[in-house]
Amino acid sequence: MAGVRVTRAGLLACLAVPRWADDVLAGMPYDDAPALLSAAAAAARSLSGTELDQALASHPGSASVGERSRDGSSPASTPLPATRRPGWRPGTPPTRSASAGSS
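Summarised in this report is the structure supplied together with it. (Residues numbered from 1 in each chain as written. Predicted model: local features only at pLDDT ≥ 70, side-chain atom pairs only at ≥ 80, totals over all residues. Heavy atoms only, no water.)

Looking along the chain, the bond that leaves Met28 and enters Pro29 is cis, with omega of -5°. Tracing the backbone through its elements, the reader meets Pro29 in the loop between helix H2 (18-26) and helix H3 (33-44). (Helix = DSSP H or I, 4+ residues; strand = E, 2+ residues; numbered from the N terminus.)

Moving on, we come to the environment of Ala9. If you trace the backbone, Ala9 turns up in helix H1 (residues 8-14). Measuring from C-alpha to C-alpha, the distance between Ala9 and Ala21 comes to 8.6 Å, with 12 residues separating the pair along the chain.

Another aspect to go through is the pattern of salt bridges. For the structure shown, the criterion picks out three salt bridges. Linked by salt bridges that have partners in common, Arg19, Asp23 and Glu51 make up one network. (Salt bridge = Lys/Arg side-chain N within 4 Å of Asp/Glu carboxyl O.)

These values are about where atoms sit, not about what they do.
See the structure below:
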């Protein structure tokens, strides 16, 4: 089986933390995409505060993080996606918030 291969540049485009990318690359080749994603999540669990800041600063939307829109509304007035809610960690499935209602 050829396995799943990724490049450092490809990983850094996903999360701009060189140590994380190197940790993921160290496990290559991966048998399949779930194995790659599992390794990426495991490596992300040990991100330091500095690395998180680095990743957020490199994110395409980072210029708007924390800023108010032109109409004066706060980003806090917009619901966060499940993966950005407090308490969510890589490798855990997103959950619906209580305010989202039940089905």
